[in-house]
Amino acid sequence: MDDEKPKHVRRVRYKGKHPKSFKEKYKELNPDQYAEAVEKIKQQGRTPAGMHRSICVREILEILKIQAGETGLDATLGYGGHSLEMLKCLGAGGRLFAIDVDPYELPKTKERLAAVGYGSEVLITQQINFSKIDKVAEEAGSFNFVLADLGVSYMQIDNPERGFTFKYEGPLDLRLDPEKGRSAAALLKAISRRELEELLFENADEPHHKEIASAIVSRIAKKLPLETTIQLQDTIKEALDFLPKDVMKEEIKKACQRCFQALRITVNDEFGALEEFLEKLPYALAPGGRVAILTFHSGEDRRVKKSFQHLLHFGAYSDIAPEPIRASAQESSSNPRARSAKLRWAVKA
Ligand SMILES: C[S@@+](CC[C@H](N)C(=O)[O-])C[C@H]1O[C@@H](n2cnc3c(N)ncnc32)[C@H](O)[C@@H]1O
């Protein structure tokens, strides 16, 4: 019935002064309603739940030199912070293609950007892996500028249901597109100890790769469950219980960060997707087109650097960044994630 009042849903109650879990952070999850509270959190150098803070925005716009009427690609739309700034530069007649593999966050970002005036006549979104940049360029024509801001967004990490963090209990998933491929839990059931050691070492330089791989594989062999983020954290804790007491807590935290990162990279084939993207990139750029790539991992930066140098040598690029650009001291102090960011650029010949 039309005139029936919507049922009032009580917000999630939390113990203590401040909300702790993701679901309890109802103010941060409703920024339109609680703009002041959200602004306060940002000023404290924190990222409100369900949001993402874009990194090196000014530096990226300086590299991309976007002109009104151009066609561009945001290869990693995420929360849409970079896209929004690029859209502001485009003006009438310009078009931004924006892609992401995440089927959950992409429609929300599309809606958020449409609500501030960037509808489908200027912003064309698609759920697709950037390794398929050639397919996107087939539809768009060549790009005057391309941005790729690698890795995951805060809102993906924050959401316990996605399994990206050991801060909260959640399924051990770690897929950017949970509708494709296999979860981290499924991967761990299928992998040998040797392969797991290699994965932890290659993807995250994990110094305790042998101990952690052995603990994981023996837990699975004993048919004990390893299906959640906290169960993985507990397994890592058990594996590292030989560490001196004074460093144990900090070392376990770092090992968990590295192991989750290593699994995420494998589950999403992040290096494979990046290599394919880098190979196809020059063909998708218009002559004089600019690309900016923001990385957060030495394995990513190494691949970008090598590809740019190689393609400069063979004349596909006319110029590349001599050194990576780093976030300013001010940005790094207000946003810790910016500290590991490296930004490289190239210009199509
Ligand atoms: C760091 S976030 C981007 C944040 C965005 N620049 C902003 O300002 O909000 C990275 C995004 O890239 C997406 N992503 C990661 N690998 C991808 C791939 N191979 N293809 C397409 N999207 C990818 C992730 O799902 C995530 O949303």
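Let us look at the structure shown here. (Residues numbered from 1 in each chain as written. Predicted model: local features only at pLDDT ≥ 70, side-chain atom pairs only at ≥ 80, totals over all residues.)

**Overview of the sheet that holds strand 7 (residues 342-348)**
The mixed open sheet is built from 7 strands, whose spatial order is 3-2-1-4-5-7-6. In this open sheet, the two strands that pair with only one neighbour each are strand 3 (123-127) and strand 6 (317-320). Strand-to-strand twist in this sheet, taken as the mean axis angle between neighbours without regard to direction, amounts to 15°. Examined bridge by bridge, strand 4 (residues 143-149) and strand 5 (residues 285-295) share 6 bridges and lie parallel to one another. The residue of strand 5 that forms the bridge with Ala148 is Ile293. (Pairing = 2+ DSSP bridges. Helix = DSSP H or I, 4+ residues; strand = E, 2+ residues; numbered from the N terminus. Axes fitted to C-alpha atoms, helices over the stretch in contact; angles between N-to-C directions.)

**Notes on the packing of helix 9 (residues 209-221) against helix 10 (residues 229-239)**
Packed helices, taken two at a time, are described by the angle between their axes plus the distance between the axes. Where helix 9 meets helix 10, the closest approach of the two axes is 9 Å, and the angle between their N-to-C directions is 125°. With respect to helix 10, the element helix 9 is oriented oblique. In the crossing of helix 9 with helix 10, the sense of the turn from one axis to the other is right-handed. Contact residues: helix 9 offers Glu211, Ile212, Ala215, Ile216 and Arg219, while helix 10 offers Thr235, Ile236, Glu238 and Ala239. Among the residues forming the contact of helix 9 with helix 10, the class breakdown is 5 nonpolar, 1 polar and 3 charged. (Parallel < 35°, antiparallel > 145°, perpendicular 65-115°, else oblique. Left-handed = near helix turned anticlockwise from the far one by under 90°. Contact = placed C-beta atoms within 7 Å. Nonpolar A, V, L, I, M, F, W, Y, C, P; charged D, E, K, R; others polar.)

**Comments concerning the environment of Leu84**
Positionally, Leu84 belongs in helix 3 (residues 81-90). For Leu84 and Tyr118, which are 34 residues apart along the polypeptide, the C-alpha to C-alpha distance reads 8.4 Å.

**Let's talk about helix 2 (residues 57-64)**
Those residues of helix 2 not exposed but buried are Ile60, Ile63 and Leu64. Relative to the axis of helix 2, the buried residues are bounded by an arc of 90° and lie together on one face. Exposed and facing more than 90 degrees away from the buried side of helix 2 are Arg58 and Glu62. Tucked into the core, helix 2 has its buried residues touching helix 3, strand 4, strand 5 and strand 7. (Buried ≥ 20, exposed ≤ 12 C-beta atoms within 10 Å, placed from the backbone. Arc of directions from axis to C-beta.)

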